[in-house]
Amino acid sequence: MINEAMKNYGNNRSVIRDLFEFGNQRKAVVGADNVFDFSLGNPNVAAPADVNATMIELLNTKNDIYLHGYTSAQGDAACREAIVKDLNSRFGTDFRKDNLYMTCGAAASLKIILTALYTPGDEVVVFTPFFPEYRVFIETSGAKCVACATDPDTLQIDFDNLRAALNENTKAVIVNSPNNPSGVVYTEENIIRLGKLLEEKSQEYGHAIYLITDEPYRELVYDGIEVPFVTKYYRDTVVCYSYSKSLALPGERIGYVLVPDEITDARDVYVAVCGAGRALGYVCAPSLMQHVLEKCTGQVSDINEYREKRDLIYNALTEMGFKCVHPDGAFYLFVKSPIENANAFSEAAKQFNLLLVPADSFGTPGYVRIAYCVATDMIRRSLPAFEKLAACYKEELGK
Ligand code: PLP
């Protein structure tokens, strides 16, 4: 017998991956330049020059066992020291290197913290639309995934819905801001309200409700928007971070879990994080990347390039009549499908070789996600195809 649950996850690949594979097949037929693939969140903007230069320098000067060897299970001390120093200088915090556990990216960070916190009967609340892998990570950790609908107009937290979603079994709430797939940044006012509500409910239920902030897009914000650093607003906050997007290194698999001293049972949580890392086989994040971070933490890819892409596609699509919440961060546009069935809309887009991800698995049916972290030239060349798609829905788009 084979694990049925795992077979299920293997058989039901993510809709994003399916679309990406479809795109590769189409490219073989019609040519790569004629397929407009907006499926994957794979950054097209280059890693900062310093990051590549540091890698080369390390390889040339430290190409020994130290560079490629195992680090401490929780990560190299100098790397963790550099990261907390950077965080403390940017956010006025007081973290120590022993608050950090280095991981293979945010996916591993989430899986580790969810595993570390889990006790039987737990529920974890996520806000729609959410990164579809949350459900997989939560359910395979044993807990129940509770989807909480956001305000349909702004995609900000709806506090009535959140109140209804919380109960004595709630172990944690996950926030992801800037958000994948909507690009929405939760306002400071809402983060303050969220903190107050969780505090009230933690007291009422007699146990901590942890706030897990999933922040791979923390630095990818535009027009001077500030992303509240959540540990300052709610005591029981654990941070899951990744350099996949900020340094454009998704294939290098590097990130961390940050367990502040202030959270309830901080020592136990950190030890359980170490235990979960061990149990999941995730100890010792990539060594070369940890050495790069020691020198390059705090750097960010060119935000202006992302903003240019965002403005180009947002302005063009809204001009055509498509509706979407203005994305203040990340590199996604969350577009309301002109027809109820977003899967049918995504299928219709395929005839123009436009690959748009239907958002049912993000918990918000009736939308498609456009990952605009692609070549600006491709966005430009895709606009006539979007025009043709819009022409099929003139009435629905009010044109
Ligand atoms: N969380 C969100 C919201 C994401 O969008 C992603 C990746 O796209 C991840 C987590 C996983 O990131 P990583 O590549 O660091 O594992």
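Right above here is the structure, for reference.
Residues numbered from 1 in each chain as written. Predicted model: local features only at pLDDT ≥ 70, side-chain atom pairs only at ≥ 80, totals over all residues. Heavy atoms only, no water.

K.L.:
Give a description of the sheet that holds strand β4 (residues 144-148) that names residues and reports values.
P.N.:
Read from one edge of the open sheet, seven strands run β2-β8-β7-β6-β5-β3-β4, paired in mixed fashion. Here the strands that pair on one side only, and so sit at the sheet edges, are β2 (100-103) and β4. With direction set aside, neighbouring strand axes in the sheet form an average angle of 20°. As paired elements, strand β7 (residues 237-242) and strand β8 (residues 255-258) share four bridges and run antiparallel to each other. (Pairing = 2+ DSSP bridges. Helix = DSSP H or I, 4+ residues; strand = E, 2+ residues; numbered from the N terminus. Axes fitted to C-alpha atoms, helices over the stretch in contact; angles between N-to-C directions.)

K.L.:
Lay out the packing of aromatic side chains in plain terms, naming residues and giving numbers.
P.N.:
Per the stated rule, a full pass over the model turns up 16 aromatic pairs. Above the plane of the ring of F22 lies K350, whose end atom (NZ or CZ) is 4.4 Å from the centre. (Phe/Tyr/Trp six-rings, centres within 6.5 Å; stacked < 30°, edge-to-face > 60°. Lys NZ or Arg CZ within 6 Å of the ring centre and 35° of its normal.)

K.L.:
How would you sum up the sheet that holds strand β13 (residues 367-371)? Please name residues and give values.
P.N.:
Pairing is antiparallel in the open sheet, where four strands are placed in the order β9-β10-β13-β12. Both edges of this open sheet fall to β9 (323-324) and β12 (357-358), since each of them pairs with a single strand only. Two strands pair when backbone bridges link them, and β9 and strand β10 (residues 332-336) are joined in this way by two bridges, in the antiparallel orientation. When the bridges of β10 are listed, C324 appears paired with V335.

K.L.:
Please provide a residue-by-residue account of the site of the ligand, values included.
P.N.:
Around the ligand lies a shell of 14 residues, among which N180, D214, Y217, S242 and R253 are the nearest. One nitrogen or oxygen atom from the side chain of N180 is found 2.7 Å from an oxygen atom belonging to the ligand. Per-element accounting of the shell around the ligand gives the leading share, three residues, to helix α6 (residues 105-117). Of the residues that constitute the shell around the ligand, the class distribution is six nonpolar, five polar and three charged. (Near = heavy atom within 4 Å. Polar contact = N/O pair within 3.5 Å; in protein donor to acceptor, adjacent residues only side chain to side chain. Nonpolar A, V, L, I, M, F, W, Y, C, P; charged D, E, K, R; others polar.)

K.L.:
Before we move on, can you summarise the environment of Y243 with the specific residues and values?
P.N.:
Secondary-structure assignment places Y243 in the loop between β7 and β8. On the basis of relative accessible area, Y243 is assigned to the buried category, the value being 4%. As a C-alpha pair, Y243 and M289 span 46 residues in sequence and 9.8 Å in three-dimensional space. Not counting residues up to four positions away in its chain, the partners in contact with Y243 are I83, A248, L249, I254, G255, Y256, L293 and T297. Within polar-contact distance, the side chain of Y243 engages the side chain of T297 at 3.2 Å. (Buried < 20%, exposed > 50% of the residue type's maximum accessible area, 1.4 Å probe, protein only. Contact = heavy atoms within 4.5 Å.)

K.L.:
Mind laying out the nonpolar core, listing which residues take part and the relevant values?
P.N.:
F38, L317, L354, L356, F386 and L389 are the most contacted members of the largest nonpolar core, which has 42 residues in total. Sorting the residues of this core by element identifies α12 (303-319), β10, α13 (342-350), β13 and α14 (376-391) as the ones contributing at least two each. In terms of residue count, α14 provides more of this core than any other element does, seven residues in total. In this structure, F386 is in contact with F38, I313, L317, M320, F322, L354, L356 and I370, ignoring residues within four places of it in sequence. Membership of the second largest hydrophobic core comes to 34 residues, among which are L40, V175, L197 and V357. (Core = buried A, V, L, I, M, F, W, Y, C linked by side-chain atoms within 4.5 Å.)

K.L.:
Any details on unusual backbone geometry? Residues and values, ideally.
P.N.:
Going from T128 to P129, the amide bond is cis rather than trans, its omega being -10°. When you line up the elements, P129 lands in the loop between β3 (123-127) and α7 (133-140). Of note, the bond from N180 into P181 is cis; its omega dihedral lies within 30 degrees of zero at 25°. Along the chain, P181 turns up in the loop between β5 (170-175) and α9 (188-205). The residue N353 is not glycine, and still its phi comes out positive at about 60°. Position of N353 among the secondary structure elements: in the loop between α13 and β11 (354-355).

K.L.:
I'd love a proper account of the pairing of β2, names of residues and values included.
P.N.:
What you see with β2 is no split at all: L100 and M102 on one side and Y101 and T103 on the other are buried throughout. Pairing between β2 and β8: four bridges, direction antiparallel. Bridge assignment links Y101 to a residue of β8, and that residue is V257.

K.L.:
Tell me about the packing of helix α5 (residues 77-91) against helix α11 (residues 287-296), and name the residues and values.
P.N.:
At a closest axis distance of 8 Å, the pairing of α5 and α11 adopts a crossing angle of 40°. As for the relative orientation of α5 and α11, their crossing is left-handed in sense. Each of A78, C79, A82 and I83 in α5 lies in contact with α11, whose residues at this interface are Q290, L293 and E294. Residue classes in the contact of α5 with α11 are distributed as five nonpolar, one polar and one charged. (Left-handed = near helix turned anticlockwise from the far one by under 90°.)

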